[in-house]
Amino acid sequence: MDLGLKGAVVLVTGGSKGIGFACARAFAAEGARVAISSRSDEHLARAAQTLGAEGVKLFTVPADLADPQRARAMVESVERGLGPIDVLVNCAGAARRTPPAELTAEHWHAAMDAKYFTYVHAMDAVLRGMSQRGAGVIINVIGMGGKLAGPTHLPGGAANAALMLASVGLANAFARNGIRVNAVNPGLTVTERMQEGLAADARQTGRPVEEILEQRTKAMPLGRIAQPEDIADMVVFLASKRASYVSGAVVSLDGAATPIVV
């Protein structure tokens, strides 16, 4: 199936590892011209080296998206190097998981800064240009924590819920400008963030990480935890011409682990 992404300029924030890196690799496999951003020069270099060995040339941009000016500078850099951005995939930023007994007001502020505002700043930086061109796609990789409250993910879950609303609201507001906005909500996925979450759960429950992971794996309806590539496949499809009438969608990618309608 031709997804119509050959030559498209795709920017993946947080694209140096985990789900973001899997997205960058998947877009490159479709013939897109891919840029990735990260706060870490080291992570960017490692990602570029890994995909370079596969024949993929990444455009890399160091950026701390907690700062809206740096988000705008990131977009300007990508568009100077590759051309106008056709697709933005937001995957940068994650709220630290914290047991409830350890929560402070600062944790709630930090979660919004780390997850919500990083996405908002990146979207703000591309929306004007996309509107002027009358075309563009934004995919926000958010997380099931915004639908289902978890005791160690309350601030991050609140940021996720806010991002879901922002995604569907922007989809409606900019549809007449030719811009599509969708959100995907991964459940448990094999990444460094999963390990951080398991460690927080272990602190709260006093149980070993290995025991918690085994229990959660057995509880998955499909019999396994998601891989980053599982999420990337959906992101690439939603960005493609094959999904040209899909906008304002919030797609759960948790293997039916959370059987809720809304």
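This text follows the structure it describes.
Attention in this report is confined to the structure presented alongside it. Each chain has its residues counted from 1, running along the sequence as written. In keeping with the model being predicted, local features are shown solely for residues with a pLDDT of at least 70 and side-chain atom pairs are shown and tallied solely at 80 or more, while totals for entire chains, interfaces and linings include all residues. Each side-chain value is worked out from all heavy atoms of the structure, with water and hydrogens disregarded.

## Section: the pairing of strand β2 (residues 33-38)
This is how it is decided: Relative accessible area decides the class of each residue, using a 1.4 Å probe on protein chains only: under 20% of the type maximum gives buried, over 50% gives exposed, and in between gives partly exposed. In DSSP terms, a helix is any run of H or I states spanning at least four residues, a strand is any run of E spanning at least two, and both are numbered starting from the N terminus. For two strands to be treated as a pair, DSSP must find no fewer than two bridges joining them. If you view a crossover with the strands going away from you and the path from the first strand over the helix to the second runs clockwise, you call it right-handed.
Of all six residues in β2, five are buried, a share of seventy percent or more. As paired strands, strand β1 (residues 9-13) and β2 are joined by five bridges and run parallel to one another. Within β2, the residue paired with Val9 across the bridge is Arg33. Each parallel crossover has a hand, and for β1 linked through helix α1 (residues 18-29) to β2 it is right-handed. By the bridge criterion, four bridges tie β2 to strand β3 (residues 59-62) in an arrangement that is parallel. By the bridge assignment, Ser38 is partnered in β3 with Pro62. For the segment spanning β2, helix α2 (residues 41-52) and β3, crossover handedness is right-handed.

## Considerations on the packing of helix α6 (residues 192-205) against helix α7 (residues 209-219)
Stated precisely, the cut-off is as follows: Axis angles are defined between N-to-C directions and span 0 to 180 degrees, where every axis is a line fitted to C-alpha atoms and, for a helix, only to the segment in contact. Small angles under 35 degrees read as roughly parallel and large ones over 145 as roughly antiparallel, with 65 to 115 read as roughly perpendicular and the rest as oblique. Left-handed describes a crossing whose near helix is turned anticlockwise from the far helix by less than a right angle; the clockwise case is right-handed. By definition in these notes, contact holds between two residues if any of their heavy atoms fall within 4.5 Å. Gly falls in the polar group here, along with every residue not listed as nonpolar (Ala, Val, Leu, Ile, Met, Phe, Trp, Tyr, Cys, Pro) or charged (Asp, Glu, Lys, Arg).
Here α6 crosses α7 at 110°, and the two axes come no closer than 9 Å. As summarised for this structure, α6 and α7 are arranged roughly perpendicular, according to the angle between their axes. For α6 against α7, the interelement crossing comes out right-handed. Where α6 abuts α7, its residues Met194, Gln195, Leu198, Ala199, Asp201, Ala202 and Thr205 lie against Val209, Ile212, Leu213 and Arg216. When its residues are assigned to classes, the contact of α6 with α7 shows seven nonpolar, two polar and two charged.

## Notes on the nonpolar core
To keep it simple, the criterion reads: By convention a nonpolar core is built from buried Ala, Val, Leu, Ile, Met, Phe, Trp, Tyr and Cys residues, the set being connected through side-chain atoms within 4.5 Å.
One finds Phe27, Val34, Val89, Val141, Val184 and Val235 to be the most contacted residues of the largest nonpolar core, which totals 44 residues. The biggest single contributor to this core is α1, with eight residues. If near-sequence neighbours (up to four positions away) are discounted, Val235 is found in contact with Cys23, Phe27, Val89, Ile139, Val141 and Val184. Core analysis: the next-biggest nonpolar cluster, separate from the first, contains 24 residues, Ala35, Val75, Val78 and Val181 among them.

## What about the packing of aromatic side chains?
Condition: Only the six-membered ring of Trp is used, alongside the rings of Phe and Tyr, when aromatic pairs are assigned; centres must lie within 6.5 Å, and planes under 30 degrees apart are stacked while those over 60 apart are edge-to-face, with the rest tilted.
Applying the stated criterion across every chain, the model contains one aromatic pair. Judged by centre distance (5.0 Å) and plane angle (80°), the rings of Tyr116 and Phe117 are edge-to-face. Its relative accessible area of 33% is what places Phe117 among the partly exposed residues.

## Overview of the environment of Ala28
Counting through the fold element by element, Ala28 comes out in helix α1. What makes Ala28 buried here is its relative accessible area of 16%. Along the backbone, Ala28 and Lys57 are 29 residues apart, and their C-alpha atoms lie at a distance of 8.7 Å. Look past the residues within four positions of Ala28 in its chain and what remains in contact with it is Val34 and Val56.

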